[in-house]
Amino acid sequence: MRQVGDIKLYDFEELLTEDLGAIGTPERDEFERSVDEAVHAYRVGEAIRQAREAKNLTQAELGEKMGVQRSQVCRLESGKSITLNSMMRAFRALGVQCALDMKGIGRVALW
């Protein structure tokens, strides 16, 4: 914390420590794990979006190939509702049959 006149300024780490505890406490570890999961889900969704756009497909067209509605494709691409099954269905519908290099995650073998 640093003081600027009458205002106290805290950095993000200080706020996390104050609200969730120090690194290594159960609450902080759970928070860090949930953030990591959200980031990975976002990256998978982004990979699906990039593969869809590379094939010049709309979300509705991909949804039709997957047998789901466009709204489900939208949730997948935004990193929500990602399960292994839905991820596999999306990549199969896109014709991705081998490994995919996902930025920040590494290479993932699909099947």
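Refer to the preceding data block for the structure.
Residues numbered from 1 in each chain as written. Predicted model: local features only at pLDDT ≥ 70, side-chain atom pairs only at ≥ 80, totals over all residues. Heavy atoms only, no water.

S.K.: Sorry, what's going on with the pattern of salt bridges here?
M.R.: Should their charged atoms come close, side chains of opposite charge can pair. The full count for this structure, using the stated rule, is eight salt bridges. E13 serves as the salt-bridge partner of R28, at 2.5 Å between the closest nitrogen and oxygen. Taken together, the residues R28 in helix α2 (residues 26-54) and E13 in helix α1 (residues 12-20) connect sequence positions 15 residues apart. For R28, a relative accessible area of 0% translates into the label buried. As a salt-bridge pair, E46 and R49 come within 2.2 Å of each other at their nearest N and O atoms. Placement of both E46 and R49 in helix α2 is noted, with a separation of three residues, approximately one turn of the helix. Overall, the relative accessible area of 17% leaves E46 in the buried class. A residue is classified by how much of its surface remains accessible, and R49, at 23% relative accessible area, is partly exposed. Through salt bridges with shared partners, a single network forms among E46, R49, R52, E53 and E77. (Salt bridge = Lys/Arg side-chain N within 4 Å of Asp/Glu carboxyl O. Helix = DSSP H or I, 4+ residues; strand = E, 2+ residues; numbered from the N terminus. Buried < 20%, exposed > 50% of the residue type's maximum accessible area, 1.4 Å probe, protein only.)

Treat this as a map of the structure, not an account of what it does.
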